[in-house]
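Structure at a glance
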Amino acid sequence: SAAIKIGIVGYGNLGRGVVSAIGQNPDMELVGVFTRREPASFGSEGGLTFLHVSDLEGYKDRIDVLILCGGSATDLPEQGPFFSKSFNTVDSFDTHAKIPEYFEQVNDSALTAGKVAVISTGWDPGLFSINRLMAESILSEGTDYTFWGKGVSQGHSDAIRRVQGVKGGVQYTVPVNEVIDQIRQGQTPELSTRQKHLRQCFVVAQEGADQEQIRQEIVSMPNYFSDYDTTVTFISEEELRRDHSQMPHGGFVIRSGVTGTNTRQIIEYSLKLESNPEFTASVLVAYARAAYRLNKEGASGAKTVFDIAPGYLSPKSAAQLRKELL
Ligand code: NDP
C-alpha cells in the first residue's frame, strides 16, 4: 500500500502511545513493535506483531521510519546513533544539556546512511522549543518564561519511592499561578526556582513507618526538593491506584516584550495534557511523516524541530493547506 510504514523501537509508555497514534492516522501503517525483551512474552497483546530489535536487520527495505521510544537516560544515546545508520528515525531525546552532543552523533550516522533523523521532538523539547524560538525572534526585546505542570515528574516520583519507609508515591510539579498572572498582566519579574513551581508529593507509607521522618527526608532532599516549597500528603494504596495512575502534564511558554517606544506585547502557548506519553507519541508520529517526506526529497542528516517546515507535518497537500488553514 501507499501508507508510510512505521516500526516502533521500545514498548513502554511512549511505545504504547505511538501504537494508538498510528491508529488515528490513515496514511500510516504499523509494521511491528521491536523490543529488547523476549517478544513472545507479549503474546498477541493488542493484536500487535512483536519482534526482537535484532530482527530489524531484515527490515531495512520494509520500514520507512523507525520511531525510537526508549528512555533518554541510557537507551537513546545508544539506539539513536545505531538505528540512524540504517533507517529514517524520530526520537524524543529530552536531556536538554546533552542535545548538542547527541545531535552530532546521530548526524554522523544519518549523513553517512543518507537517512533523516529527527531528534528531540515531543513537547519539551519540541513544541515548546518552537514557541520559544518564535517568541524570541519576533519580540527581540523581552523576557521569556517556561512553566511546567501540573504534571507528574517521573524522576522525582522515583526519588520519593527510594526514601526509607515509603511503599509508593507520586510527585506533581505545579506552576505558581500568582506569578503566571503577574506575567500575563505585563510584569517581568526575576524569579527564583522556588517562586516558579511547587512540588506536591502523595505518599503511601509502610505500616508502622514514621510519617514525620519521611516528610522531613523528602522536603530536605538536595537537588530534588530542597530548593522548592514541597508538600507531602499521606494516602492509602487504594487512593494511589484510584487517583494517581494517570500521567498528566503540560505547561506554558510565555514571552513578554515591548515594541515601539513602550508597547507591551505578550505571546503565550500552553498545553494541558491528560496523558503526557500519548501526547508526546502523537507529536512523534507527525514528525515521522516529515522525516519520510524530507528523505524522499533527498534530505539527510539529523534535524530538530527548528529545521523542519510545519507543512511537512500535515498529511494534507501544500495547496490544500493554503486554502484551508492559511
Ligand atoms: P518507559 O520507561 O516506559 O520506557 C522506556 C523503555 O524501557 C521502553 O522503550 C522499553 O524498551 C523499556 N521498558 C518499558 N517498560 C518496561 C518494563 N516493564 N520492563 C522492562 N523494560 C521496560 O519510558 P517512557 O515511554 O515513559 O518515556 C520514554 C522517554 O520519552 C523518556 O525517557 C523521556 O526522555 C521521553 N519523553 C520526552 C518528552 C518530550 O516532550 N520530548 C515527553 C515525555 C517523554 P524495550 O521494549 O526495548 O525493553
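Residues numbered from 1 in each chain as written. Predicted model: local features only at pLDDT ≥ 70, side-chain atom pairs only at ≥ 80, totals over all residues. Heavy atoms only, no water.

All told, the structure shown has 11 aromatic pairs when counted by the stated rule. With 4.6 Å between their ring centres and 15° between their planes, F42 and F50 make a pair best called stacked. With 6.4 Å between their ring centres and 20° between their planes, Y145 and F147 make a pair best called stacked. Classification of Y145 by relative accessible area gives buried; the value is 5%. Relative accessible area serves as the criterion here: at 0%, F147 is assigned to the buried category. Cluster of aromatic residues (ring-pair linked, three or more members): Y11, F42 and F50. (Phe/Tyr/Trp six-rings, centres within 6.5 Å; stacked < 30°, edge-to-face > 60°. Buried < 20%, exposed > 50% of the residue type's maximum accessible area, 1.4 Å probe, protein only.)

What follows deals with helix α5 (residues 154-161). If you check which residues of α5 are buried, you get H156, S157, A159 and I160. Take α5 and look down its axis: the buried residues cluster within an arc of 155°, on one side only. Those residues of α5 hidden inside the fold are in contact with β8 (151-152), β9 (166-175), β10 (197-205) and α8 (211-219). (Helix = DSSP H or I, 4+ residues; strand = E, 2+ residues; numbered from the N terminus. Arc of directions from axis to C-beta. Contact = heavy atoms within 4.5 Å.)

Moving on, we get to the packing of helix α2 (residues 76-83) against helix α3 (residues 99-113). With their axes 7 Å apart at the nearest point, α2 and α3 run at an angle of 25° to one another. Taken together, the axis directions place α2 and α3 in an arrangement best described as roughly parallel. Residues L76, P77, G80 and P81 of α2 pack against Y102, Q105, V106 and S109 of α3. Here the residues of the contact of α2 with α3 are counted per class, giving 5 nonpolar, 3 polar and no charged. (Axes fitted to C-alpha atoms, helices over the stretch in contact; angles between N-to-C directions. Parallel < 35°, antiparallel > 145°, perpendicular 65-115°, else oblique. Nonpolar A, V, L, I, M, F, W, Y, C, P; charged D, E, K, R; others polar.)

This part takes up the environment of V283. With respect to the helices, strands and loops of the structure, V283 is situated in helix α10 (residues 276-296). V283 sits in the buried class, given a relative accessible area of 8%. On a C-alpha basis, the gap between V283 and K5 in space is 17 Å, while along the polypeptide they are 278 residues apart.

By the element assignment, G186 lies in the loop between α6 (177-184) and α7 (193-196). Non-local contacts of G186, meaning those with residues more than four positions away in its chain, are made with S256, R264 and I266.

Before going further, it helps to examine the pattern of salt bridges. It is possible for side chains of opposite charge to pair when their charged atoms get near one another. Tallying each qualifying case throughout the model produces 15 salt bridges. We note a salt bridge from D158 to R161, for which the minimum N-O separation is 2.7 Å. Here R161 and D158 lie together in helix α5, a separation of 3 residues that amounts to about one turn. One salt bridge in this structure joins E324 and K316, with 2.7 Å as the shortest N-O distance. Taking relative accessible area as the criterion, E324 reaches 44% and is therefore assigned partly exposed. Several salt bridges share partner residues, and in doing so they unite D181, R184 and E268 into one network. (Salt bridge = Lys/Arg side-chain N within 4 Å of Asp/Glu carboxyl O.)

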